[in-house]
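What follows is each chain in one-letter form.
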Amino acid sequence: GGFVKVMGDDGKSDDPGSINNKSPLQRAFFLVAGSAMNFLLAIVLMIIVVGAQGISQSSVYIASVEPGSPAAAAAWESGDRIIEVAGVPVEGSGDISARSREFADSPMSVVIERGGQRMDTTVTPRGNPPDGQGPTGVTISEVAVANLDVKSLTADSPLADSGLQPGDTIVSIAGQPITDAFKLQSALSGASDKTVPVVVRRGAAESTLNVAFPALDEQSDLLAQLGLDLSVQPIFERVPWLQVIPMGVSQAWEQTGQMLGGLRDLFTGRAPLNQIAGPLGMGQATSEIISASPLPLWVTLANLAILLSLNLALLNLLPLPALDGGRLLFVIIEILRGGKKVAPEREGVVHFTGLVLLVGAMVIIFVLDALRIHEGKSFLP
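The present account deals with the structure reproduced in this document. All values reported here derive from a predicted model rather than from experimental measurement. (Residues numbered from 1 in each chain as written. Predicted model: local features only at pLDDT ≥ 70, side-chain atom pairs only at ≥ 80, totals over all residues. Heavy atoms only, no water.)

Before going further, it helps to examine unusual backbone geometry. Phi at A174 is positive, roughly 55°, even though this residue is not glycine. Residue A174 is classed as partly exposed on the basis of its relative accessible area, which comes to 46%. We note that A322 has phi near 85°; this positive angle belongs to a residue other than glycine. Locating A322 in the fold gives a position in the loop between α9 (297-316) and α10 (324-336). (Buried < 20%, exposed > 50% of the residue type's maximum accessible area, 1.4 Å probe, protein only. Helix = DSSP H or I, 4+ residues; strand = E, 2+ residues; numbered from the N terminus.)

A separate point is the pairing of strand β6 (residues 117-123). The side chains of a regular strand alternate between both faces of the sheet. In terms of strand pairing, strand β5 (residues 108-114) meets β6 through 7 bridges, oriented antiparallel. From the neighbouring strand, M108 faces β6, where its bridge partner is V123. (Pairing = 2+ DSSP bridges.)

Our focus in this paragraph is the nonpolar core. Ranked by size, the top nonpolar core spans 24 residues in total, and within it I170, I173, L184, F213 and L228 carry the most contacts. Elements with a minimum of two residues in this core: β8 (146-153), β9 (169-173), α5 (181-190), β11 (195-202), β12 (205-212), α6 (222-225) and β13 (228-234). Leaving out residues up to four positions away in the same chain, I173 has contacts with I178, L184, A187, L188, A191, V196, P197 and V198. Membership of the second largest hydrophobic core comes to 14 residues, among which are V60, A71, W76 and V85. (Core = buried A, V, L, I, M, F, W, Y, C linked by side-chain atoms within 4.5 Å. Contact = heavy atoms within 4.5 Å.)

Under the criterion given, the structure shown has 1 aromatic pair. Aromatic side chains Y61 and F182 sit 4.3 Å apart centroid to centroid with 10° between the ring planes, which places their arrangement in the stacked category. Of this pair, Y61 sits in strand β2 (residues 58-65) while F182 sits in helix α5, placing them 121 residues apart in sequence. (Phe/Tyr/Trp six-rings, centres within 6.5 Å; stacked < 30°, edge-to-face > 60°.)

This brings us to the side chain of R372. Position of R372 relative to the elements: it lies in helix α11 (residues 344-374). Within the local environment of R372, its side chain forms a polar contact with the side chain of Q284, the two groups lying 3.1 Å apart. (Polar contact = N/O pair within 3.5 Å; in protein donor to acceptor, adjacent residues only side chain to side chain.)

Spelled out as structure tokens, the structure:
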């Protein structure tokens, strides 16, 4: 973060160069400049990522369903893939959150995929869900479409005995296409204590292996039980050069919309407060994201920088005392009053009070971050 103190910032200077003697529009431009640069940085980084890396596709799955929830009433099950919500194809978990808020307490059409079959369902998201539950009562898993390549496997494991080798790409298990890590876990659970065909790609050729899977404990790491170590390689679609800039701007705008929805949920109590983090929590989150992400390091860091830049831009524009958004609010009040300023002393008291509250909140967040790390809890869901 940073702070720029200019002449007249305290509201007392009458120097010709003081910001006090600038027009309301000039002062407003000055106040939004910082957030504007944060937005610009995020857009530039997003354009670079889209141009150099391309666009990845994600699948959204239902990881769990709360008993008695709207999702349970709609007969949703763990492992279902959400394809379409309210007639709009789902590209990420943010689409589901946004539509659920939009259709709060109203029926919403949802198309899911189960066992390769599309199913039309209707669910009614709750406007005020119980603590710890979302509007529909499910937890969502968003997984990038990827190739799953074998890095290594235990020599005496059933997979090694069947002929699986390092470098092979798993194509399907028991006829179920393996397009991401979630589908792999689901297929392995279904193959427990069974002999099923496993199709692998080795070079340009595909071959079928008959694998006798042992009984697997679903409460522990399935890959570890099989002595299997995989490399997840997300699949990126190249973007034509003429579409890189529009696509980058569109992606940044989409993330901004999701963050605005998240802020709204935070202030209305729909989102848990444990998702708030200060510098200490962001350090933990950065470490965990880098460790868990299958993307190249520079892409992961660029995405983190985009996330932080957009967060800074939005938070700084909130109409809260001591923030630029709070100061901008006083400029807007001045315009609405026909150019009559609020007394500098009164505005100063408001901003000082806001600063004290802001520092207090930062201390509380720092303590919560420290407790989470001390207790060994992950920041990531």
